[in-house]
Amino acid sequence: MIPPTGRACDVTKGQSSTGRSFSLSRCRRFATKRRRHLKTHVNTAPQTGTPTSMYPSTLTQLARGNPFSAPLFTLQKVDEPQQSGQRTRRLAAAATADEGDSCAFGSQKYFVLCGFGGILSCGTTHTAVVPLDLVKCRMQVSPDKYKSIGNGFSVTVREDGVRGLAKGWAPTFIGYSMQGLCKFGFYEVFKVFYSDLLGEENTYMWRTSLYLAASASAEFFADIALAPMEAVKVRIQTQPGYANTLRECVPKMYAEEGLWAFYKGVVPLWMRQIPYTMMKFACFERTVEMLYKYVVPKPRSECSKPEQLVVTFVAGYIAGVFCAIVSHPADSVVSVLNKEKGSTAVQVLKRLGPKGVWKGLIARIIMIGTLTALQWFIYDSVKVYFRLPRPPPPEMPESLKKKLAVE
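Owing to the predicted nature of the structure, the values given are computational and were not obtained by experimental measurement.

Any chance you could explain the overall build of the chain here in plain terms?
The number of helices and strands found in the chain is 16 helices and two strands. Accessible area of the chain: about 21600 Å², with a carbon and sulfur share of 61%.

I tried to follow the nonpolar core on my own but got confused; where do I start?
Across soluble globular proteins, nonpolar side chains show a tendency to be buried alongside one another. Among the nonpolar cores identified, the biggest contains 30 residues, and Y110, F184, Y187, F284, Y292, W376 and L388 are the most heavily contacted of them. Only α4 (108-128), α7 (169-198), α9 (207-238), α12 (266-295), α13 (305-339) and α15 (361-385) provide two or more residues apiece to this core. By residue number, the principal contributor to this core is α12, which donates seven residues. Excluding anything up to four places from it in sequence, L388 contacts D101, S102, C103, Y110, L113, C114 and K383. Listed in part, the twelve residues of the second largest apolar core include V232, A243, L246 and F262.

Would you mind going over the pattern of salt bridges with me for this structure?
Here the idea is simple: oppositely charged side chains can pair when their charged atoms come close. For the structure shown, the criterion picks out 18 salt bridges. Across the pair K183 and E219 runs a salt bridge, and its minimum N-O distance is 3.8 Å. Of this pair, K183 sits in helix α7 while E219 sits in helix α9, and the two are 36 residues apart along the sequence. Of the two residues, K183 and E219, both sit in the buried class. Between K401 and E398 there is a salt bridge whose closest N-O contact spans 3.6 Å. In this pair, K401 and E398 are both assigned in helix α16 (residues 398-404), three residues apart and thus about one turn of the helix distant. A residue is classified by how much of its surface remains accessible, and K401, at 25% relative accessible area, is partly exposed.

What's the story with the packing of aromatic side chains in this structure? I'm lost.
How two aromatic rings sit relative to each other is given by the distance of their centres and the angle of their planes. Evaluation of the coordinates by the stated rule reveals 19 aromatic pairs. Where F186 meets F221, the ring centres are 5.7 Å apart and the plane angle is 75°; that geometry is what we call edge-to-face. Remark: F221 occurs in helix α9 and F186 occurs in helix α7; sequence separation between them is 35 residues. According to the relative accessible area criterion, F221 is partly exposed, its value standing at 39%. Clustering of aromatic rings is evident, with ring pairs tying together F186, F190, F193, Y194, F220, F221 and W270. A cation over a ring is seen here: R235 above Y242, with NZ or CZ 5.2 Å from the ring centre. If you follow K252 out to its NZ or CZ, it ends over the ring of Y242, 4.4 Å from the centre.

Explanation requested: α7 in the structure shown.
In an α-helix, one full turn covers 3.6 residues, which means residues spaced three or four apart are oriented alike. Here α7 contains 30 residues, and its C-alpha end-to-end distance of 42 Å stays within 8% of the 44 Å for a straight helix at 1.5 Å per residue. Backbone geometry just downstream of α7 places G199 in the positive-phi region, at approximately 95°.

What am I meant to see in the side chain of S215 here?
In this fold, S215 is placed in helix α9. Those residues in contact with S215 that sit more than four places away from it in its chain are Y187, T277, M278 and F281.

How do you make sense of unusual backbone geometry when you look at a structure like this?
Outside of glycine, negative phi angles account for most residues, and trans bonds account for most peptide bonds. We note that R387 has phi near 55°; this positive angle belongs to a residue other than glycine. You can call R387 partly exposed: its relative accessible area is 45%.

Please explain the packing of α4 against α15 as it appears in this structure.
Relative placement of two packed helices is described by the angle separating their axes and the distance separating the axes. At their nearest, the axes of α4 and α15 sit 9 Å apart, and the two run at 145° to each other. For α4 against α15, the interelement crossing comes out right-handed. Contact residues: α4 offers Y110, L113, C114, F116, G117, G118, L120, S121, C122, T124, T125 and H126, while α15 offers L371, L374, Q375, I378, Y379, V382 and K383. Residues of the contact of α4 with α15, tallied by class, amount to eleven nonpolar, seven polar and one charged.

Please clarify how a nonpolar patch on the surface should be interpreted in this entry.
Together, V310, F313, V314, Y317, I318, F322, L374 and F377 line one region of the surface with nonpolar side chains, adding up to about 630 Å² of accessible area. Looking at the nonpolar patch, the elements that each hand over two or more residues are α13 and α15. Mapped onto the fold, V310 is located in helix α13.

Cut-offs and rules
Residues numbered from 1 in each chain as written. Predicted model: local features only at pLDDT ≥ 70, side-chain atom pairs only at ≥ 80, totals over all residues. Heavy atoms only, no water. Helix = DSSP H or I, 4+ residues; strand = E, 2+ residues; numbered from the N terminus. Areas by Shrake-Rupley, 256 points an atom, 1.4 Å probe, with all protein chains shown as cover. Core = buried A, V, L, I, M, F, W, Y, C linked by side-chain atoms within 4.5 Å. Buried < 20%, exposed > 50% of the residue type's maximum accessible area, 1.4 Å probe, protein only. Contact = heavy atoms within 4.5 Å. Salt bridge = Lys/Arg side-chain N within 4 Å of Asp/Glu carboxyl O. Phe/Tyr/Trp six-rings, centres within 6.5 Å; stacked < 30°, edge-to-face > 60°. Lys NZ or Arg CZ within 6 Å of the ring centre and 35° of its normal. Expected span 1.5 Å × (residues − 1). Axes fitted to C-alpha atoms, helices over the stretch in contact; angles between N-to-C directions. Left-handed = near helix turned anticlockwise from the far one by under 90°. Nonpolar A, V, L, I, M, F, W, Y, C, P; charged D, E, K, R; others polar. Patch = residues over 30% accessible without salt bridge, like charges linked within 9 Å, V, L, I, M, F, W, Y side chains within 5 Å.

Set out below in structure tokens:
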């Protein structure tokens with residue numbers, strides 16, 4: 001029988017408070033029985049969620065009566081109301097992984113896999129269109145010799161053979177893989193960062209500005225990663241006889257001009273790539289939104305994955321056409337600047353004039369339109385394959401609907 005609550009064993013005298021003699025081992029047996037009794041009491045007690053059920057008064061009294069070990073408590077998690085000062089994710093996707101997603105939106109794994117998708121999308125697509133890119137660059141720097149796309153291909157094959165169309169593929173693959181890693185990976189990072197700063201309602205109202213700011217921030221770092229290989233690529237493609245391979249060109253450039261040879265085109269790259277990327281991401285995001293709203297006959301949630309990827313491809317091509325037009329003048333300057341030694345971007349721009357900067361535009365529209373569509377298609381396919389969260393087109397928050405009295 002368990003002694004009454006509160007009557008502890010007097011170990012020193014070997015007697016209990018009732019006057020009976022107790023040995024130390026016998027007192028320990030009583031303590032063990034008490035713990036079993038408490039465990040049964042706590043496990044079978046109704047879970048009402050009140051302080052009384054969590055910490056019964058009997059349990060407290062028994063704890064005082066046991067000098068050898070404390071009883072085992074089973075603590076329950078209590079959901080506390082969120083404080084008004086705490087920030088939560090403001091984007092359409094939840095901060096935690098939905099059912100079927102391999103990771104949470106905005107997690108480190110999410111950003112890493114987005115960067116990997118950028119490597120695949122940019123590195124492979126730019127390498128695939130190297131022949132067209134080579135002809136485009138030669139039309140920009142030598143318009144008298146390469147008068148059109150067809151003429152450029154025929155002259156190149158006649159002088160360098162079919163293999164000559166692949167000149168510059170290695171620096172193209174390396175450079176644009178690094179650019180894709182930073183462009184797509186940092187875009188997701190900055191989009192979440194700026195969205196958290198704006199808040200849910202402002203994120204929706206200023207979403208186009210958010211896309212522009214996030215893409216410009218990402219491309220700033222992406223161009224620093226791209227600049228060395230872009231300089232090597234243009235030097236190989238536009239200076240016949242200078243170098244034919246990456247291993248031959250890099251030491252030669254470094255010996256002649258030093259480290260600056262690889263970064264003198266970074267400012268023109270920013271001039272070309274930042275407007276290009278801002279248009280690429282903002283136009284794509286808004287085009288996808290409009291396609292699902294006005295063209296696709298059913299909501300995105302009811303579309304299959306292949307149907308969603310078709311929408312991605314179409315939106316990417318539309319965005320690519322605008323990208324080519326916006327960034328072409330700066331692209332012409334970069335091509336000429338990397339060919340000539342000692343020239344500056346301002347000098348090249350003055351020499352080319354208003355008409356010269358638009359040389360090769362049709363070739364660039366074909367190249368960039370196809371390129372951008374394939375990049376978005378590959379990038380979105382990587383997200384589908386790795387089961388990454390893919391937020392639906394943004395919708396107006398309920399709080400904003402109430403403020404604006406929108407039904």
